[in-house]
Amino acid sequence: MIEIRPFSSEHAAGVVDVILPIQQQEFEIPITLEGQPDLNNIPGFYQKGNGNFWIALDGGKVVGTVSLLDIGNGQVALRKMFVAATHRGKEHGTAKRLLDGAVSWAKEKGVTQIYLGTTAKFLAAHRFYEKNGFRLVEKTELPQAFPVMVVDTRFYALDCA
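Everything quoted here is computed from the prediction, not taken from an experiment.

Okay, the nonpolar core next. Grouped together as the largest cluster of nonpolar side chains are 51 residues, with contacts concentrated most on Val 15, Leu 68, Leu 78, Met 81, Ile 114, Tyr 129 and Phe 134. Mapped onto this core, the elements with two or more residues apiece are α1 (12-26), β2 (52-58), β3 (61-72), β4 (75-83), α3 (94-108), β5 (113-118), α4 (123-131) and β7 (154-159). In this structure Ile 114 touches Leu 68, Val 76, Leu 78, Val 103, Ala 106, Phe 134, Tyr 156, Ala 157, Leu 158 and Cys 160, once residues within four positions along its chain are discounted.

What follows concerns a nonpolar patch on the surface. The grouping of Met 149, Val 150 and Val 151 at the surface amounts to a nonpolar patch, some 280 Å² of accessible area in total. Within the secondary structure layout, Met 149 lies in the loop between β6 (135-137) and β7. Taking the relative accessible area as the measure of exposure, Met 149 reaches 31% and is therefore partly exposed.

Glancing now at the sheet that holds β5. The strand order across the open sheet built from 7 strands is β1-β2-β3-β4-β5-β7-β6, with neighbouring strands paired in mixed fashion. Strand pairing shows two members of the sheet lacking a second neighbour, β1 (2-6) and β6, which therefore form its edges. Pairs of neighbouring strands in the sheet enclose a mean axial angle of 25°, with direction left out of account. Summarising the sheet, β6 and β7 pair through 3 bridges and their orientation is antiparallel. When the sheet's bridge partners are listed, Val 137 is paired in β7 with Phe 155. The strands that α3 touches are β1, β2, β3, β4, β5 and β7; relative to β4, the one it contacts most, it runs at about 165°.

Between the first and last C-alpha of α1 there are 21 Å, a value that for 15 residues agrees with the 21 Å anticipated at 1.5 Å per step. When we look at burial in α1, the residues that qualify are Val 15, Val 16, Val 18, Ile 19, Leu 20, Ile 22 and Gln 23. Buried-residue contacts for α1 involve α2 (42-45), β2, β3 and β4. Once α1 finishes, Glu 28 follows within two positions and takes phi at roughly 50°, a positive value.

In this section: the packing of aromatic side chains. Aromatic rings considered in pairs are described by the distance between their centres and by the relative angle of their planes. Per the stated rule, a full pass over the model turns up 9 aromatic pairs. When the ring of Tyr 46 is compared with that of Phe 53, the centres are 5.4 Å apart and the planes differ by 55°; the resulting orientation is tilted. The class of Tyr 46 is buried, set by a relative accessible area of 0%. Judged by relative accessible area, which is 0%, Phe 53 ranks as buried. Taking the centre distance of 5.6 Å and the plane angle of 75° together, the rings of Trp 54 and Trp 105 count as edge-to-face. Pair noted here: Trp 54 is in strand β2 and Trp 105 is in helix α3, with a separation of 51 residues, a long-range link.

What counts and what doesn't
Residues numbered from 1 in each chain as written. Predicted model: local features only at pLDDT ≥ 70, side-chain atom pairs only at ≥ 80, totals over all residues. Heavy atoms only, no water. Core = buried A, V, L, I, M, F, W, Y, C linked by side-chain atoms within 4.5 Å. Buried < 20%, exposed > 50% of the residue type's maximum accessible area, 1.4 Å probe, protein only. Helix = DSSP H or I, 4+ residues; strand = E, 2+ residues; numbered from the N terminus. Contact = heavy atoms within 4.5 Å. Patch = residues over 30% accessible without salt bridge, like charges linked within 9 Å, V, L, I, M, F, W, Y side chains within 5 Å. Areas by Shrake-Rupley, 256 points an atom, 1.4 Å probe, with all protein chains shown as cover. Salt bridge = Lys/Arg side-chain N within 4 Å of Asp/Glu carboxyl O. Pairing = 2+ DSSP bridges. Axes fitted to C-alpha atoms, helices over the stretch in contact; angles between N-to-C directions. Expected span 1.5 Å × (residues − 1). Phe/Tyr/Trp six-rings, centres within 6.5 Å; stacked < 30°, edge-to-face > 60°.

What follows is the structure, encoded as structure tokens:
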């Protein structure tokens, strides 16, 4: 049974164990833990204002992550959406539950828009976001405070209001 809950420090290593292999091995993105200082300070980076960080647990093991970064002006950036290969697909519903929880949180907080950036390689992610109401936007349409990552080439927005 998969459980979604806000991040707590006892799951820090599990978060890294899910995210890094997907980035480095599955998608061959040359990124390190050192290149992602947010992962070493999840509470200080994400869990403030309208932001938060959630994990999906299966038997106490982290199998998925998602976060919202408060970028001000009633807007957030969706980041760190990763699900272990063993827990992907409709039969598990892990990604959908993580995303739905984040969107519900945003709406409860009065957030008006959620933005995200992703790479051209994440084709399944593109379909997933589009199926869940996100629309493709140009980089020029992003809020000035949106943190564009070097690897981001596709951008999406969801209106919450």
